[in-house]
Structure formats: C-alpha cells, structure tokens
Amino acid sequence: MTDRKIITPRLILRPYAENDADDFMRLHGDPDLALHTHAKALAHAASRELFDGFLGAFKADGFGMYRIGLRPGHGIVEVFVGECGLWHRADAGGYTLRYMIDKAHWSLGYSFEAVEAVLAHAFEVRGLSEIFAIAMQQNERSTRILLKAGFRVIEAHFRGVDGFLRFRLGAAEWRAKVAMRAAAGF
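For the structure given in this document, a descriptive report is provided here. Every residue gets a number counted from 1 within its own chain, in the order that chain's sequence is written. Where totals are concerned, whole chains, interfaces and linings use all residues; where local detail is concerned, this predicted model gives features only for residues with pLDDT of at least 70, and gives and counts side-chain atom pairs only at 80 or more. By convention in this description, side-chain values take in all heavy atoms of the structure and omit both hydrogens and water.

Topic: helix α1 (residues 21-28)
Within α1, burial applies to A21, F24, M25, L27 and H28. Taken around the axis of α1, the buried residues stretch over an arc of 160°, which confines them to a single face. Categorising residues by exposure relies on relative accessible area from a 1.4 Å probe, with only protein chains included: less than 20% of the type maximum marks a residue as buried, more than 50% marks it as exposed, and the intermediate range marks it as partly exposed. Secondary structure elements are defined from DSSP: runs of H or I of at least 4 residues count as helices, runs of E of at least 2 residues count as strands, and each element is numbered from the N terminus. The reported arc concerns the directions from the helix axis to the C-beta atoms and nothing else.

Points about the packing of helix α4 (residues 110-125) against helix α5 (residues 140-149)
One way to put it is that α4 packs onto α5 with a least axis distance of 10 Å and a crossing angle of 40°. The orientation of α4 with respect to α5, classified from their angle, is oblique. Pair α4 / α5 crosses with right-handed handedness. Between α4 and α5, the residues in contact are S111, F112, V115, E116 and L119 and I145, K148 and A149, respectively. Nonpolar residues are Ala, Val, Leu, Ile, Met, Phe, Trp, Tyr, Cys and Pro. Charged residues are Asp, Glu, Lys and Arg, and all others, Gly as well, are polar. Looking at the contact of α4 with α5, its residues break down into 5 nonpolar, 1 polar and 2 charged. To define axes, lines are fitted to C-alpha atoms, for helices over the stretch in contact only, and angles between the resulting N-to-C directions are given on a 0 to 180 degree scale. Working definition: roughly parallel below 35 degrees, roughly antiparallel above 145 degrees, roughly perpendicular at 65 to 115 degrees, and oblique for all remaining angles. For a crossing to be left-handed, the near helix must be turned anticlockwise from the far one by less than a right angle; the clockwise case is right-handed. In this analysis, two residues are considered to be in contact whenever any of their non-hydrogen atoms come within 4.5 Å of each other.

Focus: the sheet that holds strand β8 (residues 164-170)
Pairing is mixed across the open sheet formed by 8 strands, whose spatial order is β1-β2-β3-β4-β5-β6-β8-β7. Strand pairing shows two members of the sheet lacking a second neighbour, β1 (6-7) and β7 (152-155), which therefore form its edges. Note: strand β5 (residues 94-101) against strand β6 (residues 130-136), 2 bridges, orientation parallel. For L97, the partnering residue across the bridge sits in β6 and is A133. Its contacts with the sheet place α1 against β3 (65-70), β4 (79-89) and β5, and it is angled at close to 75° to β4. If DSSP finds at least two bridges between two strands, the strands pair.

Description of helix α6 (residues 171-183)
Residue count minus one, scaled by 1.5 Å, sets the expected span of a helix. Between its first and last C-alpha atoms α6 spans 18 Å; for 13 residues at 1.5 Å apiece the expected length is 18 Å, and the two agree. Following α6 by one or two positions, G185 has its phi on the positive side, about 85°.

Structural notes on the nonpolar core
The tendency in soluble globular proteins is for nonpolar side chains to be buried side by side. By convention a nonpolar core is built from buried Ala, Val, Leu, Ile, Met, Phe, Trp, Tyr and Cys residues, the set being connected through side-chain atoms within 4.5 Å. Within the largest apolar cluster, 36 residues are counted, with the highest numbers of intra-cluster contacts made by L13, C84, L97, L119, I131 and F151. Top contributing element to this core by residue count: α4, with 9 residues. Once you skip the residues sitting within four places of it in the chain, I131 turns out to touch L86, Y95, L97, L119, A122, F123, F151, F167, R168 and L169. Core analysis: the next-biggest nonpolar cluster, separate from the first, contains 12 residues, Y16, A21, F24 and F54 among them.

Some remarks on the side chain of D102
Within the element layout of this structure, D102 appears in the loop between β5 and α4. Looking at D102, the relative accessible area reads 10%, which means it is buried. In protein, a polar contact means a hydrogen-donor-capable atom and an acceptor-capable atom, both N or O and within 3.5 Å, with residues adjacent in sequence counting only if both atoms are side-chain atoms; elsewhere, any N or O pair within 3.5 Å suffices. At a separation of 2.6 Å, a polar atom in the side chain of D102 contacts the side chain of R26. For D102, the contacting residues outside a window of four places in its chain are R26, L27, V81 and G82.

Section: the packing of aromatic side chains
Aromatic rings from Phe, Tyr and Trp, taking only the six-membered ring of Trp, are treated as a pair when their centres fall within 6.5 Å; an angle between ring planes under 30 degrees marks them as stacked, one over 60 as edge-to-face, and anything in between as tilted. On inspection of all chains with the given rule, the structure shows 10 aromatic pairs. Geometrically, the ring pair formed by Y16 and F24 is edge-to-face, given 5.2 Å between the ring centres and 90° between the ring planes. When sorted by exposure, Y16 lands in the same class as F24, which is buried. Taken together, a centroid distance of 6.4 Å and an interplanar angle of 15° make the contact between Y16 and F54 stacked. Here F54 lies in helix α3 (residues 44-61) and Y16 lies in the loop between β2 (11-15) and α1, a separation of 38 residues in the sequence.

Examining the packing of α1 against α3
At a closest axis distance of 10 Å, the pairing of α1 and α3 adopts a crossing angle of 125°. In terms of axis orientation, α1 runs oblique to α3. The chirality of how α1 crosses α3 is right-handed. Contact with α1, carried on its side by A21, F24, M25 and H28, involves H44, S47, R48, L50, F51 and F54 of α3 and no other residues of that element. When the residues that make up the contact of α1 with α3 are grouped by side-chain class, the tally is 6 nonpolar, 3 polar and 1 charged.

All we've got here are geometric facts, nothing functional implied.
Shown next as structure tokens:
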C-alpha cells in the first residue's frame, strides 16, 4: 500500500478522482449491472451525486470507495475494472462493503481480490471492528464472494425486501480466517 492506494498482485485500488467520472457513470448507468442489485441503473444526475459523495467521503474520512484498475505493465496502461470500498450506511449498521465490477472483467477473480484487500486495509490499517455488506440473494456471485471472505448473513429481509441479505464480518472472525488460511498455505 502506498499513500492512499491499495496494491494487490493484479490490481491498483485508489481513491476516485474527477477524471474517473466518465468510467464511474458508465458503470453505474449500466442496466445489466443494476439487475444484480436492488437498485436501478442511475441517470446522469444521480450518478454524479453518488460520485461526488464518494469523493467527499475520502476527503472527510481518508478512505471510502476505491476505483479498481488493472496494474499496468508490459506496455499496458491501467485499465478500469470497477470499484470496491467502504461506504458508511447507518441503515446497514455502519461501514458497508460495496463493490461493482464492469461486465468485461467478470469471472476473473478481481472482485474477491479487491474485497480481500479492502478488508485487510479496513481491519489492519483503519482499525474497524466490524464491516457490513448487502446483496440480493439471487446475485449468487456476490453472495459467494461475501461468504468466501468470511461474512455471515444476519438478515434476509433488509429494508423489508425479501431476499435482500445483510451480512456482517467482525475483525476477530476476519483475523481467525486469515490465520487459518495462512496455516493452510494459502
């Protein structure tokens, strides 16, 4: 990790910057991606408002939602993959993990790699004691990633919506999972 970036073997997670607005709005305006959430594709004004909120969170808290890019190399420039980070949601219990990957990069393991990096940063660097997440039950990819990361379902009707799952992961559970994986050689 350097400055406010999180670097993994394949990815660079960094705070969004103004020049990322077009990628952000394309991602959040994609109706196919919205099918996997409880939300709709965002129109330009709503997308801009969310983007500004993400920029503001980093200014206020020093962390928040990260832009995910593929690490450049061998003549390849950084490529936009999606986003992953924490967003404070009082209705979900506190800091809530959020991630969205552009369809062109699905099924390549980038979501889990980014989630693991954000969790490590949140628990080890930021000192958070728990993190929440929400996902629609029919979004099997997302629920599988959350369960693999160590989250447990704590609510199946979040905001009164059947199948809208709320998850929780505590720092102690996360550390135990990391230690177990390290002992197993992962």
